[in-house]
Amino acid sequence: MAGRNHLKVAPDVHRALLHGDAVVALESTIISHGMPYPENLQTAREVEAIVRDNGAIPATIAILDGVPCIGLDDEQLERLAKLGKKAQKTARRDIPHIVATRGNGATTVSATMFFASKAGIHVFVTGGIGGVHRHGEKTMDISSDLTELGRTPVAVVSAGVKSILDIPRTLEFLETQGVTIAAYKTHEFPAFFTESSGCKVPCRLDSPEDCARLINANLNLGLGSGMLITVPIPKDYSASGYMIESAIQTALEEAKNMNVIGNDVTPFLLAKVNELTRGASLAANIALVKNNALLGAKIAVAFASLKR
Ligand code: PSU
Ligand code: MN
């Protein structure tokens, strides 16, 4: 496969792929930019442990010293967590630059999907994906996660997109890109911190086996596009979810009043929401990522057994 020689695949990931065993890809921007140290390192380790405990091999993906790594050992995980925002947030378009300059890149959903696909991994777990920003119809600020989903056959397990984005337009864009969207045990598209966005999803799946069959059909047909499997935030955290949601509304008002625009909007909103909820948003974020990892591992196991 083109590009595969340029990847460094961790020994346990390599072995699993060779034997057709279950593997789950994990992104690294969530570690470097999505959470503060040391919660980021602890969460990354716990997520990997959940994947292992449920029968799959975790492959956290990042570019270290210019080398795209498929699977990180504990030392590399710690290095990335400590680098934090000093690592470059790396989307698809940034990959050649980070590799050519031997930089350290924390991969977003788009770059992680690209590398997972090159390595032959079909299941990928994250917290939330990027989307169409509010006023995206004017600014054209649309995450490359959405176009990657249209062109790369990897299934992304996530809790949907945050309501700081424009969720209906995000779903329209995904439809245009031909991305299959399925919701787990519901017909609602989740809004990250809450289980409901008010938007419906055409396909409902009720078991890891259902998910595995959907992934298998997509691959067998050679559609070439990716899919989004959404999982609502666990019930224990959805109460704080609604509190966080109202903080998001307050933060949006404040951003408007203070004339915060463009790329400054998202960091402003997230910082404000964290402050307003006194850390509840971080706890909810960690809980939903772990919940996604649990399902993702089960899907990868079901998918591997379909292939035997
Ligand atoms: N959404 C979240 N948490 C995250 C991200 C998105 O709820 O950590 C990260 C992911 O790595 C995602 C990226 O791929 O942000 C999207 O960034 P952008 O909007 O710049 O494409
Ligand atoms: Mn953007």
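Scroll up to find the structure this text is about.
Residues numbered from 1 in each chain as written. Chains lettered and ligands numbered in written order. Predicted model: local features only at pLDDT ≥ 70, side-chain atom pairs only at ≥ 80, totals over all residues.

Undergrad: What is the right way to look at the overall build of the protein in this model?
TA: Counting its regular elements, the protein contains 13 helices and eleven strands. Whereas a compact globule of 308 residues would reach a radius of gyration of roughly 19 Å, the protein reaches 18 Å, a difference of no more than 12%. Viewed in the frame of its principal axes, the protein has a C-alpha envelope of about 55 × 40 × 35 Å. (Helix = DSSP H or I, 4+ residues; strand = E, 2+ residues; numbered from the N terminus. Rg over C-alpha atoms; globule rule 2.2 N^0.38 Å.)

Undergrad: It is not clear to me how the site of ligand 1 should be interpreted in this structure. Could you clarify?
TA: Contacts to ligand 1 come from 16 residues, most closely from T108, V109, G128, G130 and S143. At the level of secondary structure, the elements contributing two or more residues to the shell around ligand 1 comprise α2 (29-32) and α8 (144-151). Classifying every residue of the shell around ligand 1 gives five nonpolar, eight polar and three charged. (Near = placed C-beta within 6 Å. Nonpolar A, V, L, I, M, F, W, Y, C, P; charged D, E, K, R; others polar.)

Undergrad: Before we go on, may I ask you to explain the packing of helix α11 (residues 235-257) against helix α12 (residues 265-276) in this structure?
TA: The relative placement of two packed helices comes down to the angle between their axes together with the axis-to-axis distance. Between α11 and α12, whose axes approach to 9 Å, the crossing angle comes to 130°. In terms of their interaxial angle, α11 and α12 are classed as oblique. Crossing hand, α11 versus α12: right-handed. In this structure, α11 uses I244, A247, I248, T250, A251, L252, E254 and A255 to contact α12, whose residues at the interface are V265, F268, L269, K272, V273 and L276. Broken down by class, the residue content of the contact of α11 with α12 amounts to eleven nonpolar, one polar and two charged. (Axes fitted to C-alpha atoms, helices over the stretch in contact; angles between N-to-C directions. Parallel < 35°, antiparallel > 145°, perpendicular 65-115°, else oblique. Left-handed = near helix turned anticlockwise from the far one by under 90°. Contact = placed C-beta atoms within 7 Å.)

Undergrad: Hey, could you run me through the nonpolar core in this one?
TA: Burial of nonpolar side chains together is a common tendency in soluble globular proteins. Core analysis: the biggest nonpolar cluster contains 98 residues, and V24, F124, V156 and A300 have the highest contact counts within it. Counting residues per element, this core draws most heavily on helix α13 (residues 280-306), at 14 residues. Non-local contacts of F124, meaning those with residues more than four positions away in its chain, are made with A25, T112, M113, A116, V154, A155, V156 and V157. (Core = buried A, V, L, I, M, F, W, Y, C linked by C-beta atoms within 7 Å. Buried ≥ 20, exposed ≤ 12 C-beta atoms within 10 Å, placed from the backbone.)

Undergrad: When you look at the pairing of strand β2 (residues 23-26) in this model, what are you seeing that I'm missing?
TA: For a regular strand, side chains alternate in direction, first toward one face of the sheet and then toward the other. In β2, alternate side chains face the same way, and those of V23 and A25 on one face and V24 and L26 on the other are all buried. Across two bridges, the pairing between β2 and strand β7 (residues 123-125) is parallel. For L26, the partnering residue across the bridge sits in β7 and is V125. (Pairing = 2+ DSSP bridges.)

Undergrad: Can you walk me through the environment of D65 in this structure?
TA: Here D65 is to be found in the loop between β3 (57-64) and β4 (67-70). Residue D65 is classed as exposed on the basis of its C-beta count, with 10 C-beta atoms lying within 10 Å. Counting along the chain gives 39 residues from D65 to N104, while the straight-line C-alpha distance between them is 5.4 Å. Those residues in contact with D65 that sit more than four places away from it in its chain are R102 and N104.

Undergrad: In this structure, what is going on with helix α4 (residues 74-83)? I would like to understand it.
TA: Residues lying three or four places apart along an α-helix face the same way, a consequence of the helix completing one turn every 3.6 residues. For α4, the full list of buried residues reads L77, L80 and A81. All buried residues of α4 project into a common sector of 100° when viewed along the axis, lining one side. In this structure, the buried residues of α4 make contact with α2, α3 (39-53), β3 and β6 (105-107). G84 occupies a position one or two residues after α4 and carries a positive phi of about 50°. (Arc of directions from axis to C-beta.)

Undergrad: Could you clarify how one ought to interpret helix α10 (residues 208-221) in this entry?
TA: Taking 1.5 Å of rise per residue, the 14 residues of α10 would be expected to cover 20 Å, and the 20 Å separating its terminal C-alpha atoms lies within 8% of that figure. Within the span of α10, buried status applies to P208, C211, A212 and I215. Across the axial projection of α10, the buried residues extend over an arc of 100°, all falling on one side. Away from the buried face of α10 by more than 90 degrees, exposed residues A217, N220 and L221 are located. Of the residues flanking the end of α10, it is G222, one or two places downstream, whose phi is positive at about 65°. (Expected span 1.5 Å × (residues − 1).)

Undergrad: What should I look at first to understand unusual backbone geometry in this one?
TA: Most peptide bonds take the trans configuration, and most residues that are not glycine carry a negative phi. For the peptide bond that leads from Y37 to P38, omega is 5°, which places it in the cis range. Note that P38 resides in the loop between α2 and α3.

Undergrad: Looking at this model, I keep getting lost on the environment of D12. Mind explaining?
TA: Along the chain, D12 falls in helix α1 (residues 11-19). Look past the residues within four positions of D12 in its chain and what remains in contact with it is I57 and G71.

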